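This is what each chain is made of:
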Amino acid sequence: PEGETLLELDGVFKEYDAETAVEDVSLTVKQGELLTLLGPSGCGKTTTLRLIAGLERPTRGTVTIGAETVAGGSAFVTPEARDVGIVFQDFALFPHLTVKENVAFGLTDADEEERGARVEELLDLVNLPEHGEKTPDQLSGGQKQRVALARSLAPEPEVLLLDEPFSNLDVRLRVEMREEVRRILKEAGVTAVSVTHDQEEALSISDRVAVMNEGRVEQIGDPAAVFEQPESKFVASFLGRASFLEGRLSEGKVETGIGRFDAATLEGYDTTYDNAPVDVLVRPDDVRATPATGEEADGYVLRRQYVGPSFIYRVELDSGETVHCLHNHVENFETDQRVAVDLVADHPLAWY
Ligand code: ADP
Ligand code: MG
């Protein structure tokens, strides 16, 4: 039932001769939930999916699906015997089979009538009721992805795994299909684990996000929590544009070169930290630049980047530190222009 843990990894390691691909990963996924593993290339995302699917055996730790330990100790359930579906990056449709035949492929148990009914149901779910007789080469990228999803969902797997599901789509379609894939998974009610290196994608489609770095899960939580309350500098810089300023704690304040804020907002702060150096996270909308007037200057514009509705200025401060400032078109600065920079956020994050 909804809300109960369906999938659990407990202290899972995967070691190869020379390196550890997955290191002490523990996580749970609830029935009907969509969890995304987010992290840079090589951080162990695909290996984690393969461990869930049974395509790899953990070096240590256990994997549990439902009530069954599928890997751990002497237990090992083969991929075929696990109730797990996979959507491949390249969709892996059978080119010589029609859409209907592709979707029906995994439905070996049911009789023909049941199979036909199930295929119709799935084509409705993925919004392709008119395309059943086509072959994959007659479909657009988005339609192929819909067929791949329908085929993986047809046997009603307990867990659906999606490895970089949008990487074969162009940028515009990618954004459109994010919403569609989430809708389809939610309507199907399947428990899903997806993988991406794209933070915007992870934040927009997931119920929860697990941020991975060098084989480990650094933080797991709902999208807003991992973005707004990153627990490490890695998570902060992976989930958005981030600069770090050197700060110093003093009398309940954190002082930086461009402003100060209340230290009480820092987690775990107490006065014993006074005079300690801290790294202060500064996001582009945490700072404002203004044209320098006389002595009021903190640095100069190194680079400006046009990002559609706004500009992002990279400012080198006279301290040698750099920050990114987000500005609309009204305030326009030139490269090399001297500017004053102020910290406008009142609750920045910092690490001791
Ligand atoms: P990601 O999907 O996050 O890009 P992977 O899980 O594919 O990362 O890989 C994690 C690390 O494990 C990488 O450094 C990769 O080189 C290594 N790795 C993955 N599979 C193998 C393998 N079969 N043999 C040796 N090393 C591997
Ligand atoms: Mg991968």
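The structure presented is a predicted model; accordingly, all values stated were derived computationally and were not measured.

## Quick word on the sheet that holds strand S3 (residues 34-38)
With respect to topology, six strands assemble into an open sheet ordered S7-S8-S9-S3-S10-S11, the strand pairing being mixed. Each edge of the open sheet carries a strand with a single partner, namely strand S7 (84-87) and strand S11 (216-221). When strand polarity is set aside, the average angle formed by the axes of neighbouring strands in this sheet is 20°. Across five bridges, S3 lies against strand S9 (residues 191-196) in parallel orientation. Bridge pairing in S9 links Leu-35 to Val-193.

## Topic: helix H3 (residues 112-125)
Here H3 spans 20 Å end to end across 14 residues, near enough to the 20 Å set by a 1.5 Å rise per residue. For H3, the secondary structure elements touched by its buried residues are helix H2 (99-104), helix H4 (141-153) and helix H5 (171-188). Sitting at the amino-terminal end of H3 is Asp-111, which places a side-chain oxygen 3.1 Å from the backbone nitrogen of Glu-113. One or two positions beyond H3, positive phi appears at Asn-127, with a value near 65°.

## Topic: the site of ligand 1
Close to ligand 1 lie Tyr-16, Glu-19, Ala-21, Pro-40, Ser-41, Gly-42, Cys-43, Gly-44, Lys-45, Thr-46 and Thr-47, which account for all nearby residues. Contact distances for ligand 1 include 2.8 Å between an oxygen atom and a side-chain N or O atom of Thr-46. Burial of ligand 1 by the protein chains amounts to 61% of its free accessible area of 570 Å². Across the shell around ligand 1, the residue classes break down as four nonpolar, five polar and two charged.

## As for the sheet that holds strand S19 (residues 322-327)
Adjacent strands of a sheet form backbone hydrogen bonds with each other and so pair up, either parallel or antiparallel. Reading across the sheet, the five strands line up as S16-S20-S17-S18-S19 and stay open at both edges, with antiparallel pairing between neighbours. Unpaired on one side and paired on the other, strand S16 (287-291) and S19 mark the two borders of the sheet. Recorded for the sheet is a direction-independent mean angle of 40° between the axes of neighbouring strands. The pairing of S16 with strand S20 (residues 338-343) spans five bridges and is classified as antiparallel. Its bridge partner lying in S20, Pro-291 is registered against Val-339.

Parameters at a glance
- Residues numbered from 1 in each chain as written.
- Chains lettered and ligands numbered in written order.
- Predicted model: local features only at pLDDT ≥ 70, side-chain atom pairs only at ≥ 80, totals over all residues.
- Heavy atoms only, no water.
- Pairing = 2+ DSSP bridges.
- Helix = DSSP H or I, 4+ residues; strand = E, 2+ residues; numbered from the N terminus.
- Axes fitted to C-alpha atoms, helices over the stretch in contact; angles between N-to-C directions.
- Expected span 1.5 Å × (residues − 1).
- Contact = heavy atoms within 4.5 Å.
- Polar contact = N/O pair within 3.5 Å; in protein donor to acceptor, adjacent residues only side chain to side chain.
- Near = heavy atom within 4 Å.
- Areas by Shrake-Rupley, 256 points an atom, 1.4 Å probe, with all protein chains shown as cover.
- Nonpolar A, V, L, I, M, F, W, Y, C, P; charged D, E, K, R; others polar.

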